[in-house]
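# Descriptive structure summary
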Amino acid sequence: MGPLISVASLAEALAGPAAPVLLDARWRLGGPPGVDSYRAGHLPSAVFVDLDRDLAGAPGPGGRHPLPAAAAFEAAMRRAGVSDGRPVVAYDDGDAVAAARAWWLLRYFGHRDVRVLDGGLRAWQAAGRPLTTAEVAAAPGDFTARPGQMPLLDAAGASATARSGKLLDARTAERYRGETEPVDPVAGHIPGAVSAPAAGNLAGEGGFRGPAELRERFAALGVTAGGQVGAYCGSGVTAAQEVLALEIAGIPAALYVGSWSAWLADPARPVATGADPG
């Protein structure tokens, strides 16, 4: 079973006897708040999860969206109705950035059956499927967080991966080159990292490119089978979508959750600019 689910397959699963828990993870850097979008219309039975509150720890030296504590994440998922023995599907507007963050965290903390709705809410609507504004009160789940089930990088690991493997920077090319930085105090990238904007993982009509096309994309970036691969972005959200795309392509990859915002927490760490990895 792959990490994606289609609109048709999700609709069938929701109508069946073992319907998945559906998580609305919509979020945008700088707003508007995802909960406002949820209240304006969401997939039937979906429960809203807040990225800043439920899918991250408090901002600090670990970055703007650090890994949440196991107990806090477990409690948030139980409130959303997540249980160990029940499938979970996460979705967002369609680029899978926030949904992939939910997918990655659930996988990291040990859930074995979690997928992302390919194309998200936009694909659901394009297929003529209904939305609802009804608030959903989930029955509490029994999810147990067991951290460490997905590969994770810290700053030293990210630096080592950039030197001896491939560290992919999932931000826009302009942020990678250091031409603009809308959020963090210093512009640029981790020396040795390769620019791989997450938008390039998506097809023109929305949803992910196919596995073969993604393998071709990553091969062009120097990613080789069996090599050490990691991904980072500004705060570990967009990079989760990159890790998801790599998984679709059959390439295991580690996530630097702290990402650029945590890298800059130590002013002694080097910064590269320009199109060259450095």
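Just so it is clear, the model here is predicted, and its values are computed rather than measured.

In terms of nonpolar packing, the biggest core is built from 59 residues, with L23, M77, W104, L106 and F218 touching the most fellow members. Sort the elements by how many residues they give to this core and helix α5 (residues 97-108) lands first, with ten residues. Excluding residues that lie within four positions of it along the chain, L106 makes contacts with L23, F73, M77, V82, V88, H111, V114 and F143.

As summarised here, the arrangement of the five strands in space is β1-β5-β4-β2-β3, forming an open sheet in which the pairing is parallel. Each of the sheet's edge strands pairs with one partner strand only, and the pair in question is β1 (4-5) and β3 (47-48). Inspection of the sheet shows strand β4 (residues 88-91) paired to strand β5 (residues 114-117) by three bridges, in the parallel sense. Across the sheet, the residue bridging to A90 is V116, located in β5. Where α5 meets the sheet, it contacts β2 (21-24), β4 and β5, and its direction lies at approximately 175 degrees from that of β5.

Glancing now at the side chain of E242. Looking at the secondary structure, you find E242 in helix α10 (residues 238-248). When residues no more than four places from it in sequence are discounted, the contact partners of E242 are L168, D169, A170, A196, P197, A198, N201, R217, F218 and A231.

Reading across the sheet, the five strands line up as β6-β10-β9-β7-β8 and stay open at both edges, with parallel pairing between neighbours. The open sheet has two edge strands with one neighbour each: β6 (152-153) and β8 (194-195). On the sheet, helix α7 (residues 155-164) packs against β6, β7 (166-169), β9 (229-232) and β10 (254-256) and is oriented at approximately 110 degrees with respect to β7.

With that out of the way, let us pick up helix α9 (residues 211-220). By the burial criterion, the buried members of α9 are L214, R217 and F218. Here the buried residues of α9 occupy an arc of 90 degrees about the axis, which is enough to place them on one side. Across from the buried face of α9, at angles greater than 90 degrees, the exposed residues are E216 and A220. Its buried side turned inward, α9 meets β7 and α10.

Looking now at the pairing of β5. On a regular strand, one side chain projects to one face of the sheet and the next to the other, so that they alternate. Alignment of β1 against β5, held across two bridges, turns out to be parallel. Note on β5: the bridge partner recorded for L4 is V116. In this fold, the crossover linking β4 to β5 by way of α5 has right-handed handedness.

Basis of the calculations
Residues numbered from 1 in each chain as written. Predicted model: local features only at pLDDT ≥ 70, side-chain atom pairs only at ≥ 80, totals over all residues. Heavy atoms only, no water. Core = buried A, V, L, I, M, F, W, Y, C linked by side-chain atoms within 4.5 Å. Buried < 20%, exposed > 50% of the residue type's maximum accessible area, 1.4 Å probe, protein only. Helix = DSSP H or I, 4+ residues; strand = E, 2+ residues; numbered from the N terminus. Contact = heavy atoms within 4.5 Å. Pairing = 2+ DSSP bridges. Axes fitted to C-alpha atoms, helices over the stretch in contact; angles between N-to-C directions. Arc of directions from axis to C-beta. Right-handed = clockwise from strand over helix to strand, strands pointing away.

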